[in-house]
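# Architecture at a glance
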Amino acid sequence: MHTGPRGANYARPLLARAYNNPAARDLRRRQRLYQELAVRGGVTFVILVFQIVFPIEPAAIARRIALIALCGLFLNWPYYLAARSGRGYRAQAYARMLADILLMSLGLYVAGGLAAAQYLGVYLIVTIYAGITFSSRACLMATAAATASYVAILMLQHAGILSAPFDLPNAATIAAFNLVILNIAGALTAILARALRDSRRRLRATAQELERFVEAIPDVIYVLDSAGRLSLWNRKLESVTGRGAEDLKGKPLIDLLAEDDRDAFRAALASGLEDRPFEVESRLGGADGALTAYQWTGAALKDEHGEVSGLTGVGRDVTERQRAEEVLRQRESEMRQLQKIEAIGRLAGGVAHDFNNVLTVVIGRCQLLLARYQPEDPVYQDLDQIESTAQRAASLTRQLLAFSRNQASAQQPLDLNTTVASVSDMLGRLIGENIQLAVTLDPKLDLVMADPGQIEQVIVNFAVNARDAMPDGGRLSIATRNTTLNAEFVSVHPGAIVGPHVLLEVRDTGLGMDEETRQRAFEPFFTTKAPGKGCGLGLSTVYGIIKQHGGCIAVESGPGRGAAFSVYLPRIEAAIEAPRVDAGRGPFPGGEETILLAEDEEAVRGLVCEILRRLGYRVLVAGDGVEALALSQRFPDRIHLLLTDVIMPGMDGRELAERMLAARPDTRTLFMSGYAEPPIPDDVLLQKPVTPDALARKVAEVLRQPAPHHRDAIGAGPALAG
């Protein structure tokens with residue numbers, strides 16, 4: 001198989017030939033010339049053998065015919081030399097055709113002229129060959145030239161210019177019949193030649209289209225023989241492996257693969273040779289020695305007898321697919337993590353709700369009792385210790401609520417630099433002297449909407465983790481700066497949003513985390529610390545706080561490379577006026593208004609009722625929403641305030657407020673809750689655990705406000721927790 005030089009005209013082995021390739025075209029011309037010369041020599045041999053087997057009389061005529069045949073044979077040499085020049089190839093072919101007809105005509109004349117009419121079929125040699133080798137036009141020209149030559153001989157004999165060597169009865173009839181047959185055969189040959197040429201053209205066009213199609217496929221297309229050697233391939237295989245056609249032809253495909261993958265591929269080929277389609281992944285060696293993951297599919301090729309003669313198939317680069325699958329697996333893992341955190345967060349919120357009720361009673365009763373004693377009284381010290389312990393428990397409750405992302409936060413325009421600076425002194429004492437603290441603050445840092453206390457809690461949690469990760473000392477760095485999150489970052493960090501953000505980065509030089517630990521870093525109750533050293537809620541709480549602030553958190557770490565936690569909080573466009581804070585406690589305010597209290601927890605209900613009555617209010621008490629609504633309908637006087645828990649059996653606080661305000665639009669509403677979803681406005685929300693001081697002040701504040709609009713008082717949507 002001829003393959004031209006590599007380049008634009010390179011012919012793909014065993015695919016469609018590059019017919020416009022000058023080298024291939026010259027090869028085809030030479031092949032046709034050799035065929036023509038071989039036919040001419042074969043005709044001469046047949047004529048000579050025919051004369052030996054069937055001697056022609058007289059002998060002089062036989063010698064002349066033999067001489068003419070040999071003359072045609074000797075002309076092969078100048079024909080060959082002329083054709084080697086490559087000039088006027090078509091004209092030379094027509095000249096050779098006419099010379100052959102002239103020699104045949106001369107031979108027919110010597111053989112008897114009109115009397116040799118039975119030998120007119122010899123012209124068909126040139127006619128048929130011209131049609132098959134050249135074109136239908138050449139066939140018609142050869143037929144016309146043969147007819148004209150023989151008719152010219154007959155006319156010259158009839159005119160007496162040429163003498164007939166001998167006469168043959170019915171020679172004219174035979175000559176006419178043979179001439180008709182000659183022209184019919186020539187016409188049919190021309191038609192067949194044209195059809196053959198059109199078929200060749202269509203076949204060539206189809207083959208070229210197939211080749212362009214195969215070369216346009218971005219995958220490797222291959223055909224193997226029964227021994228697994230390459231016999232056909234597309235250019236993709238050459239570009240990937242960096243090997244030329246001469247190097248690939250006949251090379252086992254398995255030799256191009258990674259050694260570790262060859263056994264699996266060999267088994268797949270064996271399956272294919274057993275007429276079973278196969279699919280296997282094996283790495284293909286590239287030109288630079290790098291291995292690329294490919295998925296190989298194949299099936300058997302069968303010959304005309306139905307026997308498997310080889311294999312054909314496709315090799316597809318699956319690097320991107322594997323990368324996408326890995327990203328998908330990571331996303332699925334992250335989503336499962338998020339769902340787990342969400343589920344346990346709801347559980348933590350429920351626990352915090354019940355615990356807040358308990359703390360409300362403990363703290364409230366302690367404060368009521370403390371009011372009866374002097375600080376120097378021993379009982380006062382015991383009560384104060386109980387209250388302090390309960391307040392620490394309330395702090396734990398706030399941590400659980402932050403973890404569940406339902407803690408009510410006092411968010412305000414905040415400069416993170418101020419928060420970091422205020423907590424730095426405490427961090428120095430917290431992490432110890434063997435850890436160096438480095439703080440780098442961006443002086444042009446934008447503002448964020450955040451709760452300062454919760455952000456301090458985030459920083460402290462990071463610092464505690466960093467201290468535990470650096471038992472032998474190290475460096476803790478805290479930095480702030482402005483940044484902008486793009487779509488690429490958001491695509492790999494669930495929960496992030498595109499746009500300007502403020503970055504809080506906490507980096508340590510500690511032990512670091514492996515990939516498995518990093519993936520579970522924010523999982524609740526997951527900890528790498530020894531039993532009794534940690535409960536695994538620190539980073540989970542951080543995660544909940546950041547999510548509650550509409551931000552996202554990322555962690556980078558590796559064994560021995562420390563850890564870097566990056567918190568991204570959305571930047572606010574302009575500063576918003578921060579809420580004002582009361583300057584001092586002062587005496588408990590009271591009043592004489594009527595308050596309807598709805599609380600399902602008996603201890604909390606009793607405490608709140610006692611506090612309100614001590615303050616002078618008239619209190620109507622109900623154990624749930626249904627009872628409160630019925631009491632409201634029976635009570636004839638004005639009810640100034642509805643004080644209700646959010647979550648109660650049967651009818652929750654929101655629905656109670658909706659239905660009660662429909663009948664008593666001048667009644668104000670105050671909710672009590674540790675958290676509520678969706679959130680309740682701060683101006684009508686009393687946070688649990690409730691203290692006597694906070695209860696007195698919030699009730700007085702709400703009663704002083706004008707009657708709220710129906711929707712503004714209770715918020716929108718059902719309460720999910722309270």
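What comes next is a walk through the structure. (Residues numbered from 1 in each chain as written. Predicted model: local features only at pLDDT ≥ 70, side-chain atom pairs only at ≥ 80, totals over all residues. Heavy atoms only, no water.)

### Some words on helix 3 (residues 76–84)
Regarding helix 3, the residues found buried are Asn76, Tyr79 and Ala83. Each buried residue of helix 3 sits inside an arc of 60° when the element is viewed along its axis, so together they form one side. Of the residues in helix 3, the exposed ones pointing more than 90 degrees away from the buried face are Trp77 and Arg84. (Buried < 20%, exposed > 50% of the residue type's maximum accessible area, 1.4 Å probe, protein only. Helix = DSSP H or I, 4+ residues; strand = E, 2+ residues; numbered from the N terminus. Arc of directions from axis to C-beta.)

### Quick look at the sheet that holds strand 5 (residues 308–317)
Strand order in this open sheet of five strands is 2-1-5-4-3, and the pairing throughout is antiparallel. Each edge of the open sheet is held by one strand with a lone partner, namely strand 2 (230–233) and strand 3 (278–285). The average angle at which neighbouring strand axes cross in this sheet is 30°, direction not considered. Taken together, the three bridges between strand 1 (residues 220–225) and strand 2 define a ladder with antiparallel strand orientation. Among the inter-strand pairings, leucine 224 is bridged to a residue of strand 2, identified as leucine 230. Across the sheet, helix 10 (residues 262–273) lies against strand 1, strand 3, strand 4 (291–302) and strand 5, angled at about 140° from strand 3, the strand it touches most. (Pairing = 2+ DSSP bridges. Axes fitted to C-alpha atoms, helices over the stretch in contact; angles between N-to-C directions. Contact = heavy atoms within 4.5 Å.)

### Quick look at unusual backbone geometry
Of note, aspartate 275 is a non-glycine position whose phi angle comes to about 65°, a positive value. In this fold, aspartate 275 is placed in the loop between helix 10 and strand 3.

### Here's the deal with the pattern of salt bridges
According to the stated counting rule, one finds 22 salt bridges in the structure shown. Between arginine 638 and aspartate 666 there is a salt bridge, with the nearest N and O atoms lying 3.4 Å from each other. A residue pair is termed long-range when its members are at least 10 positions apart, and arginine 638 in the loop between helix 19 (625–634) and strand 15 (641–645) and aspartate 666 in the loop between helix 20 (653–663) and strand 16 (668–673) qualify at 28 residues. Three or more residues are tied together by salt bridges with common partners; here these are Asp260, Asp261 and Arg283. (Salt bridge = Lys/Arg side-chain N within 4 Å of Asp/Glu carboxyl O.)

### Quick look at the sheet that holds strand 11 (residues 552–557)
Taken in spatial order, the five strands line up as 7-9-10-12-11 in an open sheet, and their pairing is mixed. Two strands in the sheet have a free side with no partner beyond their single neighbour: strand 7 (435–440) and strand 11. Averaged over all pairs of adjacent strands, the angle between their axes in this sheet comes to 20°, without regard to strand direction.

### A few points about the pairing of strand 15
The side chains of a regular strand alternate between the sheet's two faces. Counting buried positions along strand 15 yields five of five residues, so the element is predominantly enclosed. As defined by bridge partners, strand 13 (residues 594–598) adjoins strand 15 across four bridges and the pair is classed as parallel. Looking across to strand 15, one finds that leucine 597 is bridged to leucine 643. Pairing of strand 15 with strand 16, which is carried by five bridges, proceeds in the parallel orientation. Each residue of the ladder has a partner; that of leucine 643, found in strand 16, is leucine 670. Handedness of the β-α-β unit built from strand 15, helix 20 and strand 16 comes out right-handed. (Right-handed = clockwise from strand over helix to strand, strands pointing away.)

### With respect to the nonpolar core
In this structure, Leu416, Ile459, Phe462, Leu476 and Phe565 are the most contacted members of the largest nonpolar core, which totals 35 residues. Residue assignment for this core shows that the elements contributing at least two residues are helix 13 (416–431), strand 8 (448–450), helix 14 (452–469), strand 9 (474–485), strand 10 (499–508), helix 17 (538–548), strand 11 and strand 12 (563–570). Of all the elements, helix 14 adds the most residues to this core, at six residues. Here leucine 476 is in contact with Ile431, Ile435, Gln436, Leu437, Ala438, Ala463, Ala466, Met470, Val506, Arg507 and Asp508, once residues within four sequence places are set aside. Formed by 30 residues, the second largest nonpolar core is a distinct cluster that contains Ile65, Ala116, Leu120 and Tyr150. (Core = buried A, V, L, I, M, F, W, Y, C linked by side-chain atoms within 4.5 Å.)

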